[in-house]
Amino acid sequence: MLGIAFSGGGITAAISAACTWHTLVDIYPNLNLSTSSSTEIVISTVSGGTIGYAISNNDKDKIQYTKYKKDLMLEDLLDMTSSSVEAVDKGEEVDKMRSIGQIVEHLSSMSFLKQYILGPQGQGILQSHSFHWWTWLIDCIFDSITIDEIDTGSTSWISSFAYMISDEKNILSRLDGKGYLSLSSARQIKSVLVNMTHDGSITVLDDHGQPPSPTFSNKTIPTLDALSFSSSFWSAIIVSNRFAYALLKDMLITRKRSLFEQQSEESSCSSTPVEKEKSSVVILDGGVVDTTGIVGLLHKLADNMIIFYNNNIPLSQLQSPISYLFGVETSTDSLNSLKGPALSQIFPTHLYPEVFANLTDRNNGVALLNNIKILPNKLGVQPYIVKSIVIFSNGHNIDFSFDDERIMNNLSSDWPDRYSFFPPKLDANLLCSLSDWKVRRYRAFLDPLLFMM
């Protein structure tokens, strides 16, 4: 089995996943025909990677992906005409495909705010009662790209999210100076894998990473819920701060606990307020357990893996999403890999220095591992031998350049991996071009895996 993972990382991960998948399918068309392939393929996505993969899998030629060409001119990357701007702002159809940069520009515009967030006569997201506000927003993003129905495709696809019991006494406690959770808090978080391809069935992993007992009947969730659950990056900030929880807890996505856990009794009208609160769970972004998407592939026992690490923080500044998988202690933030190294380790520690060096080398940016032993772990992954893993970093390789020097000179200082919000149009288009360049530049590593199909 071949596994491909698209990591979390906000808008950076979404753009990179969409553009990378488009390039992969362009070069290796059998990826979208995996049912007739001799090698089974599985896609694992987290957070922004989930959104990006879903967009690329459903664009139906509505999006123009910026491919890398060394002779590109600045004008090629700033391709939106005033007439198409007006059409998009009015919600009209545009004759030509829109680039990634145009779409991102629209999503950050006042017109998108007026059309979707506020809505006609102010009846938009803030007044919606049929969807949670975040689920509504995700739906609006797809609608603005004219994707009316999300097709999960024929290639096996799993996304991930996490949850914890909804209780103000269970505010997550993070260790000073480290950022990751205390052991008691970490064990409150349970992971969920969603089978996106078929029926939306879910597999819940308990606080030791183990699957549920055979007597528990797995349930299903709608595709739109799975997308919004996987990408709810903001939720961990709220549940790890008492003041934020008291002020913003109504913003959290909650569901009945019985959807995920077998319970002897449902809460009733006679239940106390505390009992009622404990009968629900708070949904957390999948990145709080594993930002990379690797863990999902390991649960599928993938023999070979290709990992696209597209986080929106440079790996040199935030190592935890990868270092914790090797049991290496570093600090983390409030969004990534909160369980810490002891509960997250799956790979031998001695492999990490070389992996980190290769991923942060601006002349390289790719790490290769062969015949890796998966260790006994707390993530519920069965120990076995993975034949090969190829990891692409989120950094900028110095060989990615253009004849037109104006292109690189006009990028923002946040390019390519420091965005906390929507990037400028030029940055977005060039991030797409960088994703295309990486796949084509390192085909020597990919061809042996992707031409086996």
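Residues numbered from 1 in each chain as written. Predicted model: local features only at pLDDT ≥ 70, side-chain atom pairs only at ≥ 80, totals over all residues. Heavy atoms only, no water.

**Q** I'd like a rundown of the overall build of the protein chain, residues and numbers included.
**A** For the protein chain, the helix and strand inventory stands at 19 helices and 12 strands. Across the 453 residues that make up the protein chain, the buried fraction comes to 58%. Counting contacts in the protein chain only where the partners sit at least 6 residues apart, residues at least 24 apart contribute 72% of the total. For the protein chain, the computed accessible surface area is about 19200 Å², with 52% contributed by carbon and sulfur atoms. (Helix = DSSP H or I, 4+ residues; strand = E, 2+ residues; numbered from the N terminus. Buried < 20%, exposed > 50% of the residue type's maximum accessible area, 1.4 Å probe, protein only. Contact = heavy atoms within 4.5 Å. Areas by Shrake-Rupley, 256 points an atom, 1.4 Å probe, with all protein chains shown as cover.)

**Q** Outline the packing of helix α1 (residues 10-27) against helix α18 (residues 425-441), supporting the account with residue identities and numerical values.
**A** At a minimum axis separation of 8 Å, α1 and α18 run at an interaxial angle of 45°. Taken together, the axes of α1 and α18 lie oblique to each other. In the packing of α1 onto α18, the handedness of the crossing is right-handed. Seen from α1, the contacting residues are Thr-12, Ile-15, Ser-16, Cys-19, Thr-20, Thr-23, Leu-24, Asp-26 and Ile-27; seen from α18, they are Ala-428, Leu-431, Cys-432, Ser-435, Asp-436, Val-439 and Arg-440. Class assignment of the residues belonging to the contact of α1 with α18 gives a composition of eight nonpolar, five polar and three charged. (Axes fitted to C-alpha atoms, helices over the stretch in contact; angles between N-to-C directions. Parallel < 35°, antiparallel > 145°, perpendicular 65-115°, else oblique. Left-handed = near helix turned anticlockwise from the far one by under 90°. Nonpolar A, V, L, I, M, F, W, Y, C, P; charged D, E, K, R; others polar.)

**Q** Report on the pattern of salt bridges, specifying residues and quantitative values.
**A** In total, this model carries 10 salt bridges according to the counting rule given. For the salt bridge of Asp-26 with Arg-440, the shortest nitrogen-to-oxygen distance reads 3.1 Å. Here the residue Asp-26 occupies a position in helix α1, and Arg-440 occupies one in helix α18, the gap between them amounting to 414 residues. Residue Arg-440 is classed as partly exposed on the basis of its relative accessible area, which comes to 33%. Put simply, Asp-447 and Arg-443 hold a salt bridge, and the shortest N to O gap is 3.3 Å. With a gap of four residues between them, Asp-447 and Arg-443 both fall in helix α19 (residues 443-450), about one helical turn apart. Classification of Asp-447 by relative accessible area gives partly exposed; the value is 21%. For Arg-443, a relative accessible area of 28% translates into the label partly exposed. The network of salt bridges with shared partners includes Asp-26, Lys-67, Asp-436 and Arg-440. (Salt bridge = Lys/Arg side-chain N within 4 Å of Asp/Glu carboxyl O.)

**Q** Before we move on, can you summarise the confidence of the model for the protein chain with the specific residues and values?
**A** When pLDDT is averaged along the protein chain, the result is 83, and 82% of the positions lie at 70 or above. Segment residues 212-217: pLDDT under 50, and nine contacts once partners within four positions in sequence are set aside and those in other chains are kept. Contacts from residues 264-277, a stretch scored under 50 in pLDDT, to residues over four places away or in other chains number nine contacts. (pLDDT = per-residue confidence, 0-100.)

**Q** I'd like a rundown of helix α9 (residues 223-230), residues and numbers included.
**A** For α9, a buried count of seven out of eight residues is recorded, marking the element as mostly surrounded by other parts of the structure. If you check which residues of α9 are buried, you get Leu-224, Asp-225, Ala-226, Leu-227, Ser-228, Phe-229 and Ser-230.

**Q** Talk me through the pairing of strand β2 (residues 41-46); I want residue IDs and the actual numbers.
**A** Of all six residues in β2, six are buried, a share of seventy percent or more. Where burial is concerned, the two faces of β2 agree: the one with Ile-41, Ile-43 and Thr-45 and the one with Val-42, Ser-44 and Val-46 are both buried. Pairing geometry for strand β1 (residues 2-6) and β2, over five bridges, is parallel. In the sheet register, Gly-3 faces β2, and the bridge partner there is Val-42. By the bridge criterion, five bridges tie β2 to strand β5 (residues 156-165) in an arrangement that is parallel. Bridge pairing links Ile-43 to Trp-157 in β5. (Pairing = 2+ DSSP bridges.)

**Q** Got a sec to walk through the packing of aromatic side chains? Specific residues and values, please.
**A** The final tally for this structure, using the stated rule, is 24 aromatic pairs. Taken together, a centroid distance of 5.5 Å and an interplanar angle of 15° make the contact between Phe-6 and Phe-308 stacked. Pair noted here: Phe-6 is in strand β1 and Phe-308 is in strand β10 (residues 304-308), with a separation of 302 residues, a long-range link. Like Phe-308, Phe-6 is buried. The ring of Tyr-442 has Arg-441 lying over it, and the distance from NZ or CZ to the ring centre is 5.7 Å. (Phe/Tyr/Trp six-rings, centres within 6.5 Å; stacked < 30°, edge-to-face > 60°. Lys NZ or Arg CZ within 6 Å of the ring centre and 35° of its normal.)

**Q** Describe the state of the cysteines, and please don't skip the residues or the numbers.
**A** What the rule picks out here adds up to one disulfide. Each sulfur of the disulfide joining Cys-19 and Cys-432 lies 2.1 Å from the other. Its S-S torsion of approximately -110° makes the covalent link between Cys-19 and Cys-432 left-handed. Residue Cys-19 is found in helix α1, and its partner Cys-432 is found in helix α18; the two are separated by 413 residues along the sequence. Just as Cys-19 is buried, Cys-432 falls in that class too. (Disulfide = S-S within 2.5 Å.)

**Q** Go over the nonpolar core with me, naming the residues and quoting the values.
**A** Of all hydrophobic cores here, the largest spans 131 residues; its most connected members are Leu-24, Phe-260 and Met-305. Sort the elements by how many residues they give to this core and α1 lands first, with nine residues. (Core = buried A, V, L, I, M, F, W, Y, C linked by side-chain atoms within 4.5 Å.)

**Q** How would you summarise the layout of surface pockets if you had to cite specific residues and measurements?
**A** In this model, the largest pocket occupies a volume close to 1000 Å³. Every residue lining the largest pocket is counted, 45 residues in all, and those nearest its centre are Ile-11, Trp-134, Ile-141, Phe-233 and Phe-422. If you list the elements that add at least two residues to the lining of the largest pocket, you get α1, α2 (48-56), α5 (100-107), α6 (110-118) and α7 (133-144). The residue inventory of the lining of the largest pocket, partitioned by class, reads 29 nonpolar, 15 polar and one charged. (1 Å grid on protein atoms, 1.4 Å probe; cavity = no way out; pocket = protein on both sides within 12 Å on 5 of 7 lines; lining within 4 Å. Points joined across faces, edges and corners; volume = space filled by probe spheres on them.)

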